[in-house]
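Residues per chain, in single letters:
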Amino acid sequence: MSLPQTSSAGQRSAVGNINLSPLANFRFDVPAALVVALVAIPLCLGVALASGAPLMAGILAGIVGGMVVPLFSKSPLSVSGPAAGLTAIIVVAIEDLHSFPIFLLAVIIAGVLQILMGVLRAGGIAYFFPSAVIEGMLAAIGIILIMKQFPYAVGFDLGQFGGQEFSSGGTENTFSGIFSALGHVHWGALLISVVCLTILLFWDQVPFLKRQTWFSGPLIAVLAGTLLNLLFGAAFPELQLGADKLVQLPVIHSVGELGQLVQFPDWSALGQQQVWIVGVTIAIVASLESLLSIEAADKLDPFKRRTPWMANSTVRG
C-alpha cells in the first residue's frame, strides 16, 4: 500500500513555521542531548560487548555517530551510533576474519560503499526490499540476542555458551544452555533484570512519565539497575553482583595509554575476498536499517519534516 507523493510546496508549508536556527530550541535540545548521551553510553558498551568487540570501540563509535555524522546528515531526527541489529553479523564477521583490525578494514570498505551510495542518491533502493524481509531479519537477530543474553539476566556466567553458534561443540547448545542457567540463578541479578524490564515495558504506558523530557525509560532502567546493585552492596551483600559480572572499562591516565587502546585497520588484508564480503554485507544491512529507521522517524514527526532522500519518494504505508 502506498500514499501519495509529498510535493515540495506541501513540505515547505508543513515546516514553514519552524525556526531552523541552531539556538532556537536550545532549552529543548539540552535535556534531549543529556538523555540521549546517558542512554547511548551503556548502549554503546552493551552493543560492543555483545558483538565481541573491544569496549573502547563502542565508545568511539558513539562519539563518531554523535559528533561527526550530524555535520553531514540532513535528517532532523535521526540519532547515529552502534546498532544492535548488526550485533550478530559483527560477531560472526570477527570470528571469520580472526582479527579485529581486519574487521575494521571491512568497516572502512562498508563506509566507502555507503558514501558512494549517498553520492549516487541510492537511498531509494530500500523500496526494492520488502519490509517483511528486513523486519524478519531484525526479529531473528533480536531472538538470538535474547536467547544468548538470558543467562546473563539470571546471573549465570555463560562461559562456552556465550558464542553466537547454536552448539558450542560440547553437550550444550543454545536451548540447553538456557536451562543450565536456570539452575545457577543469582537472585540479585534476576531482581535487577526484572526491575529494569518492568521499567522498559511500562514506562511509556503511564502518560505522566511518557511526557517527561529529562527522563526516559531506558535511562531510568540503567540508573535503577546501578542503584540497586549499590543498595545490595550496602544492605544485602549476598545479592550484590561481583566485579566479574560488571562492565570493566580500562582506566586511562594519559594520551599515550589511550593510543594503546585504539586499534587501526590492517590494510595488508585488503586483497582478502572475505574482507570484501563482510564489508558489502555490513554496508547493505546497515544502510537498510538506517533508511527504515529514518522512514519511521519521519512518519512520527508532528512537523511532517522529511529527510531529503525521501522528499520526493512514495512512502510505504
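Residues numbered from 1 in each chain as written. Predicted model: local features only at pLDDT ≥ 70, side-chain atom pairs only at ≥ 80, totals over all residues. Heavy atoms only, no water.

Visitor: Can you walk me through the overall build of the chain in this structure?
Guide: Counting its secondary structure elements, the chain contains twelve helices and zero strands. The order of helices and strands in the chain, counted from the N terminus, is α-α-α-α-α-α-α-α-α-α-α-α. Relative to its 317 residues, the chain shows a buried fraction of 32%. If you take every contact in the chain between residues at least 6 apart in sequence, the share linking residues at least 24 apart comes to 71%. (Helix = DSSP H or I, 4+ residues; strand = E, 2+ residues; numbered from the N terminus. Buried < 20%, exposed > 50% of the residue type's maximum accessible area, 1.4 Å probe, protein only. Contact = heavy atoms within 4.5 Å.)

Visitor: Please explain the environment of G81 as it appears in this structure.
Guide: Relative to the assigned elements, G81 resides in the loop between α3 (55-67) and α4 (87-97). On the basis of relative accessible area, G81 is assigned to the partly exposed category, the value being 42%. Separated by 37 residues in sequence, G81 and C44 place their C-alpha atoms 7.6 Å apart. Not counting chain neighbours up to four residues away, the residues in contact with G81 comprise A61 and G65.

Visitor: Got a minute to help me understand helix α8 (residues 187-202) in this structure?
Guide: Turn by turn, an α-helix covers 3.6 residues, leaving residues three or four places apart pointing in a common direction. Over its 16 residues, α8 extends 22 Å from the first C-alpha to the last, a length consistent with the 22 Å expected when each residue adds 1.5 Å. Buried residues along α8 sit against α6 (131-153) and α10 (217-235). (Expected span 1.5 Å × (residues − 1).)

Visitor: Mind showing me how you'd approach α3 here?
Guide: The first and last C-alpha atoms of α3 sit 19 Å apart over 13 residues, in line with the 18 Å expected at 1.5 Å per residue. All of the buried residues along α3 are L55, M56, G58 and G65.

Visitor: Just checking my understanding: could you explain the packing of α8 against α10 for this structure?
Guide: Between two packed helices, the angle of one axis relative to the other and the distance separating the axes together describe the packing. Viewed as axis vectors pointing N to C, α8 and α10 meet at an angle of 155 degrees, and their least axial separation amounts to 9 Å. With respect to their mutual orientation, α8 and α10 come out roughly antiparallel. For the pair α8 and α10, the crossing hand works out as right-handed. Listed contacts from α10 to G188, L191, I192, V195, C196, I199 and L200 of α8 are G217, P218, I220, A221, A224, G225, L228, N229 and F232. Counted by class, the contact of α8 with α10 contains twelve nonpolar, four polar and no charged residues. (Axes fitted to C-alpha atoms, helices over the stretch in contact; angles between N-to-C directions. Parallel < 35°, antiparallel > 145°, perpendicular 65-115°, else oblique. Left-handed = near helix turned anticlockwise from the far one by under 90°. Nonpolar A, V, L, I, M, F, W, Y, C, P; charged D, E, K, R; others polar.)

Visitor: Teacher, can you tell me more about the packing of aromatic side chains here?
Guide: Aromatic ring pairs are described here by two measures, namely the spacing of the ring centres and the angle between the planes. Considering all chains together, one arrives at one aromatic pair under this definition. Taking the centre distance of 5.9 Å and the plane angle of 35 degrees together, the rings of F100 and F103 count as tilted. Linking F100 with F103, this pair stays in helix α5 (residues 100-119), spanning three residues, or about one helical turn. Across this residue pair, the class does not change: F100 and F103 are buried. (Phe/Tyr/Trp six-rings, centres within 6.5 Å; stacked < 30°, edge-to-face > 60°.)

Visitor: Explain the nonpolar core here, please?
Guide: Where a protein is soluble and globular, its nonpolar side chains tend to be buried together. L97, F103, V275 and V278 are the most contacted members of the largest nonpolar core, which totals 22 residues. For this core, the element with the most residues is α5, which contributes eight residues. Not counting residues within four places of it along the chain, the set of residues in contact with V278 comprises A93, L97, F103 and A106. Counting residues in each nonpolar core, the second largest holds eleven residues, with C196, I199, A221 and F232 among its members. (Core = buried A, V, L, I, M, F, W, Y, C linked by side-chain atoms within 4.5 Å.)

Visitor: I keep staring at the packing of α5 against helix α12 (residues 273-300) and nothing clicks. Help me out?
Guide: Contact pair α5 / α12: the axes reach a minimum separation of 8 Å and the direction vectors enclose 50 degrees. Put simply, α5 runs oblique to α12. Along this stretch, α5 crosses α12, giving a crossing that reads as right-handed. Contacts from I102, F103, L105, A106, V107, I109, A110, L113, Q114 and M117 of α5 reach α12 at V275, W276, V278, G279, V280, I282, A283, A286 and S287. Of the residues in the contact of α5 with α12, the class split is 16 nonpolar, three polar and no charged.

Visitor: What should I look at first to understand a nonpolar patch on the surface in this one?
Guide: A cluster of nonpolar side chains, L23, F26, V30, L34, L38, W214 and F215, forms an exposed patch at the surface whose accessible area comes to about 670 Å². L38 gets classed as partly exposed once you look at its relative accessible area, which sits at 37%. (Patch = residues over 30% accessible without salt bridge, like charges linked within 9 Å, V, L, I, M, F, W, Y side chains within 5 Å. Areas by Shrake-Rupley, 256 points an atom, 1.4 Å probe, with all protein chains shown as cover. Salt bridge = Lys/Arg side-chain N within 4 Å of Asp/Glu carboxyl O.)

Visitor: Please clarify how the confidence of the model for the chain should be interpreted in this entry.
Guide: Interpreting fine coordinate detail is not advised for predicted regions of low pLDDT. With 84% of its residues at a pLDDT of at least 70, the chain reaches an overall mean of 77. pLDDT under 50 marks residues 160-164. Its contacts with residues more than four places away, or in other chains, come to twelve contacts. Scored below 50 in pLDDT, residues 311-317 shows 29 contacts in the model against residues more than four places distant or in partner chains. (pLDDT = per-residue confidence, 0-100.)

Visitor: How should I be thinking about unusual backbone geometry in this particular structure?
Guide: The general pattern is negative phi for most residues beyond glycine and trans for most peptide bonds. With a phi angle near 60 degrees, H98 is a residue other than glycine that sits in the positive phi range. The residue H98 is located in the loop between α4 and α5 in this model.

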